[in-house]
Structure formats: structure tokens, C-alpha cells
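Spelled out from the first residue to the last, the chains are:
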Amino acid sequence: MTRPTGALELMNDLGEAAAIASTRPVHMLGGGNPARIPAVEAVYRRRLAEIGANDAEFGRFAASYSAPAGDAGFRAAVAELLEREYGWPLASHNVALTAGSQTAFFALFNLLAGERDGREASRILLPLAPEYIGYADLGLSDDQLVSRRARIEDSGDGFFKYRPDFDALEGIDRVAALCVSRPTNPTGNVLTLDELRRLDAMAQRRGVPLIVDAAYGLPFPGLQYSDAGCLWNENIILCLSLSKLGLPGTRTGIVVAHEDIVEAVTAFNATAALAPASTGAVITEPLLRSGELLDLCRTTIRPYYQGRCREAVEELRAALGDLPMSIHQPEGAFFLWLWFPGLPITSHQLYLRLKKRGVFVLSGHHFFPGLDEHWPHAHECLRINYSQARDSLRAGIAAVAEEVRRAFQEG
Ligand SMILES: Cc1ncc(COP(=O)(O)O)c(C=O)c1O
């Protein structure tokens, strides 16, 4: 837990950027903070006023521990929403809350995989790298992740798309579960429903669960621009979060799974944290029940990010169009994944040069957890978060363009 990790670097950068912002301009294109959208915050502020005025709600919000599975009313509301929207046969016993979905991954990866009875560690298979930085280093045993390179498909027009290499996934041993983020952080990829079904079938053949991390996906915040639907069955552990709705400070993760898994996560909560926080749950429960939250996702949150995404792509094309750059098809989430084929310096060096200028991005090499082969591609990519203030994004992109140009000129 004290090793240098990508997640630590990322979270430290968030803190550092905030600290130096008072002395010089800082452009935060790193980190995973969602945008602050006034129309969305207005709804949360209204809910906070309602909670303040309601003794029972205030009690649940702040004045009592919830059950270790999380606030009961909210868990029921989540199950009902998923049943209403997708017809999945769920009840409260299929839902547990955690302190952010990050904590759910810590619990799940260690509940499902790792060393047992002196045997070599079983592993979580990440079917395609690049994948979410936060999965690295969660295992209490070494060697708890295994992944395979994605196939790169050139989509033309300066875009590309990663696809799972299903052949490469055969024959991997000691697999305790599969896990994918969908939409994917860092790339904005949305696996098609067909790809997801094939991964689910693969997991079922192996007799292990498939973890689907929908922190950015459906039903909320619903940042899936390619509208590829979603999937659940008793073999799927669906992990949701309130963070990307604009409530990361409430640390609310939601695990939707077979009740055996929910019981295990509940036991983990009781031991590690007594109970998860209820603040996010109490703010959003009536919004889930009335349909207001999903309306907000469809009419405000998703269009907001889609618009920002289009602008960011245009800015990048204008600033770097003459340099070797390909952008992953932005199909979801709020990141752009930039690939500079043949970049003469590593993406980490590029990150350091930008950081010196007060521009924070993420170096691509962090996003290959579990991949134990050398892949030059991993050192040619950057992730930028396009959700923050427009001026800052523009200035950050200009700096990226200057540094990439300099790197290619230095050769
Ligand atoms: C793909 C993905 N999953 C999970 C998380 C964890 O989010 P939280 O713990 O805030 O729910 C993040 C955060 O950035 C993420 O990008």
C-alpha cells in the first residue's frame, strides 16, 4: 500500500495542482474529477436543503450508521430502477454500497483472487489493455492481475479503436474473475454488447464472474455516446458509482450482483469500515425513484460531455493536426486517449515536461496493469480529461502541442 503507484501519482497530482493553483496558472487535464455542471448541482443543492429541513432524512444522511450493506431505501431504489429500465430481476439483496466503487474493486479483487492455502495467486483477467489505472496495485498478493494487449483497429480520419483479442484470452491459467471498465477509462472505448456477451460467455465457461465497471456508463451517469446498452445476469458483478454524476466527494459505490457476492461485500464493509457513507444515497434516492436523475443524465449530463468532447477533438486537431497523432474513438466517459506513433520520448517524460509547465495529464504507461510484456505503444499515449474549464483545457492542449512538437523536432 505504500509503493509508488499510478493511482497515488494521480491523486497526489490533484492535491498538488490545487495547492499551486494559488501561485501560478495550473491546467488540470489529469485526474478523474467530473465537471461541475450548474444545472446538475442545482438539483443536489435543492436536495441538501430538503434534507436539512427533514429530521428523518437528516438522520439517515449524517446522524446514524447505515447497515453494512448501505442505506436500505437507496438499495431498494437502485434495484427497482434497474428492474424498471432493463427488466433485470433484482431486489435489495442484490445491491451493496461501498466507499466509492474503488473500494468495491479492492474488496472484490481480494475476495475473488489472490493466494489461498499456500497456492500460487489466482488472478483477475483484464481482457484488454489499456485499462483503468486504479485496478493496478489493489491485490494483496503480488501478480494478481493479468491482461492482454488490445487489438488496434484504424477507424480512419485520425481515429482508432481498441478491440479485445479473443484468441489471446484462451488458455490463460489461474483466472478467478474477468473485469472490464465500460466505458473504458482511459480510452473512452465502449465495448459492444456483442463483445460483452462474448466475455460473459467466456467467464461462464471458466466458472468465474465477469465484473463490469460502469462508473461512467448506464444507467447513470450514462456517458455512453454509442448507445450500446448494458448487461446483467447472476454471473455479472455490475459496479456503479455516483462519482461521475458530480458527487465524488460522497464516496458512493454500488455493487449489483448475486446475493452471495453482496453478502461478501457487506461483510468486508463491516470489517473495514463498519458501514459505507449514506450521504450520496440520501441525496439521490428520491431522484432515482422519480426518474429525475435519469432525465438529468439524458438531457443535461450526457449532452454536456458530448459537446465538450467535440470541442476538445477540434482543439486537438487544430493544435496538433500536422503531427503524428491518432485519437481513440471517443464513445464514452470524459477522456481523450491520444496516441503519438513514433514519439521520440516516453509518455512519462512528456508528462514530466508538461507538469513543469503546470499542465497535468496522465502518462499512458500507467494504464497497462497486468501486462507483463514490453509494448512500445504503452509509452506513446496520453490521457486527457476534457471536463474542466474551457480556457484551461485550451491552454493545456496548446502546451501539449508545443511539447509534442518539440519532442518530434528533437527526434
Ligand atoms: C473506470 C473507473 N472505475 C472506478 C472508478 C472509481 O470511482 P469511485 O471510487 O469514485 O466510484 C473510477 C474513478 O475515476 C474509474 O475511472
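Calculation rules
Residues numbered from 1 in each chain as written. Predicted model: local features only at pLDDT ≥ 70, side-chain atom pairs only at ≥ 80, totals over all residues. Heavy atoms only, no water. Helix = DSSP H or I, 4+ residues; strand = E, 2+ residues; numbered from the N terminus. Rg over C-alpha atoms; globule rule 2.2 N^0.38 Å. Buried < 20%, exposed > 50% of the residue type's maximum accessible area, 1.4 Å probe, protein only. Contact = heavy atoms within 4.5 Å. Areas by Shrake-Rupley, 256 points an atom, 1.4 Å probe, with all protein chains shown as cover. Core = buried A, V, L, I, M, F, W, Y, C linked by side-chain atoms within 4.5 Å. Axes fitted to C-alpha atoms, helices over the stretch in contact; angles between N-to-C directions. Left-handed = near helix turned anticlockwise from the far one by under 90°. Nonpolar A, V, L, I, M, F, W, Y, C, P; charged D, E, K, R; others polar. Patch = residues over 30% accessible without salt bridge, like charges linked within 9 Å, V, L, I, M, F, W, Y side chains within 5 Å. Salt bridge = Lys/Arg side-chain N within 4 Å of Asp/Glu carboxyl O. Lys, Arg positive; Asp, Glu negative; His and termini not counted. Charge placed at Lys NZ, Arg CZ, Asp CG, Glu CD. Near = heavy atom within 4 Å. Polar contact = N/O pair within 3.5 Å; in protein donor to acceptor, adjacent residues only side chain to side chain. Pairing = 2+ DSSP bridges. Expected span 1.5 Å × (residues − 1). Phe/Tyr/Trp six-rings, centres within 6.5 Å; stacked < 30°, edge-to-face > 60°. Lys NZ or Arg CZ within 6 Å of the ring centre and 35° of its normal.

Peer 1: Any chance you could break down the overall build of the chain for me, citing the residues and the numbers?
Peer 2: For the chain, the count of helices and strands is 11 helices and 16 strands. Radius of gyration (C-alpha) of the chain: 21 Å, near the 22 Å computed for a compact globule of 411 residues. For the chain, the spread of C-alpha atoms along the principal axes amounts to about 65 × 50 × 40 Å. Looking at the chain as a whole, 57% of its 411 residues are labelled buried. Counted over contacts in the chain with a minimum sequence separation of 6, partners at least 24 positions apart contribute 75%. Surface summary for the chain: the accessible area is close to 16400 Å², and the carbon and sulfur share equals 52%.

Peer 1: I'd like a description of the nonpolar core, backed by residues and values.
Peer 2: By size, the foremost hydrophobic cluster in this structure holds 134 residues, and its most contacted members are F220, I254, L336 and F340. In terms of residue count, the dominant contributor to this core is helix α9 (residues 292-320) (11 residues). Ignoring anything within four residues of it in the chain, the contact list for F220 reads A214, L240, S241, L242, L245, I254, L288, L293, L294 and C297.

Peer 1: Just give me the short version of the packing of α9 against helix α11 (residues 390-410), but keep the residues and values in it.
Peer 2: Close contact between α9 and α11 brings their axes to 9 Å; oriented N to C, the two are set at 30°. In this structure, the crossing between α9 and α11 has a hand that is right-handed. Mapping the contact onto sequence places R308, E311, A312, E315, L316, A319 and L320 in α9 and R390, L393, R394, I397, A401, V404 and R405 in α11. Looking at the contact of α9 with α11, its residues break down into 8 nonpolar, no polar and 6 charged.

Peer 1: So what about a negative patch on the surface? Which residues, and what values?
Peer 2: Side chains of E234, E259, D260 and E263 sit close together on the surface and give a patch of like negative charge. Looking at the secondary structure, you find E234 in the loop between β9 (210-213) and β10 (236-241).

Peer 1: Can you tell me about the site of the ligand, naming the residues and giving the values?
Peer 2: In the vicinity of the ligand there are 14 residues, among which N185, D213, Y216, S241 and S243 approach most closely. The side chain of D213 places a nitrogen or oxygen atom 2.6 Å from a nitrogen atom of the ligand. K244 places a polar side-chain atom, nitrogen or oxygen, 2.8 Å from an oxygen atom of the ligand. Protein burial of the ligand: of its 400 Å² of free accessible surface, 93% is covered by the chains. Its residues placed into classes, the shell around the ligand shows 4 nonpolar, 7 polar and 3 charged.

Peer 1: Would you mind going over the environment of E259 in detail, with residue names and values included?
Peer 2: Relative to the assigned elements, E259 resides in helix α7 (residues 259-273). Separated by 168 residues in sequence, E259 and A91 place their C-alpha atoms 9.4 Å apart. Ignoring any residue separated from it by four or fewer positions in sequence, one finds E259 in contact with H93 and N94.

Peer 1: Which residues make up the pattern of salt bridges, and what are the values?
Peer 2: Applying the stated criterion across every chain yields a total of 31 salt bridges. Note that E57 and R47 form a salt bridge whose closest N and O atoms lie 2.9 Å from each other. Linking E57 in helix α3 (residues 55-63) with R47 in helix α2 (residues 38-52), this pair joins segments that are 10 residues apart in sequence. R47 shares its class with E57; the two are buried. A salt bridge links E85 to R298, with the shortest nitrogen-to-oxygen separation between them at 2.9 Å. Remark: R298 occurs in helix α9 and E85 occurs in helix α4 (residues 72-86); sequence separation between them is 213 residues.

Peer 1: Residues and numbers for α3, please.
Peer 2: Within the span of α3, buried status applies to E57, G59 and F61. Those residues of α3 that are buried are in contact with α2 and α8 (279-290).

Peer 1: Can you explain the sheet that holds strand β6 (residues 151-156)? Please cite residues and give values.
Peer 2: Strand order across the open sheet formed by 6 strands is β6-β7-β12-β13-β16-β15, with mixed pairing between neighbours. The open sheet has two free edges, formed respectively by β6 and β15 (362-363), since each of these has just one partner strand. As paired elements, strand β7 (residues 159-163) and strand β12 (residues 326-328) share 2 bridges and run parallel to each other. The partner of F159 across the bridge, within β12, is I327. On top of the sheet, α9 reaches β7, β12, β13 (335-339) and β16 (381-385); it is set at about 25° to β13, its chief contact.

Peer 1: Hey, could you go over helix α6 (residues 193-206) for me, with residue numbers and the actual values?
Peer 2: The terminal C-alpha atoms of α6, which comprises 14 residues, lie 20 Å apart, in line with the 20 Å expected from a rise of 1.5 Å per residue. Looking at the buried residues of α6, the elements they touch are β4 (119-129), β7, β8 (175-181), β9 and β10. With its phi angle positive at about 70°, G207 sits one or two positions after the end of α6.

Peer 1: Now, about the packing of aromatic side chains: what can you tell me, with residues and values included?
Peer 2: In this structure the tally under the stated criterion is 18 aromatic pairs. For the pair W88 and W232, a centre-to-centre distance of 6.5 Å together with 35° between the ring planes defines the contact as tilted. With a gap of 144 residues between them, W88 in the loop between α4 and β2 (95-99) and W232 in the loop between β9 and β10 connect regions that are remote in the sequence. On the basis of relative accessible area, W88 is assigned to the buried category, the value being 8%. Taking relative accessible area as the criterion, W232 reaches 8% and is therefore assigned buried. Lying over the aromatic face of F335, R383 brings its terminal NZ or CZ to 3.8 Å of the ring centre.

Peer 1: Any chance you could break down the pairing of β13 for me, citing the residues and the numbers?
Peer 2: Buried residues dominate β13, accounting for 5 of its 5 residues. Across the two faces of β13 the burial is the same, with F335, W337 and W339 and L336 and L338 all buried. Pairing geometry for β12 and β13, over 2 bridges, is antiparallel. Opposite S326, over in β13, you have W339 as the bridge partner. The antiparallel hairpin formed by β12 and β13 contains 6 residues in its connecting segment, where A333 sits at a positive phi of about 60°. Looking at chain direction, β13 and β16 are connected through 5 bridges and run antiparallel. Following the sheet pairing, W339 is matched in β16 by C381.

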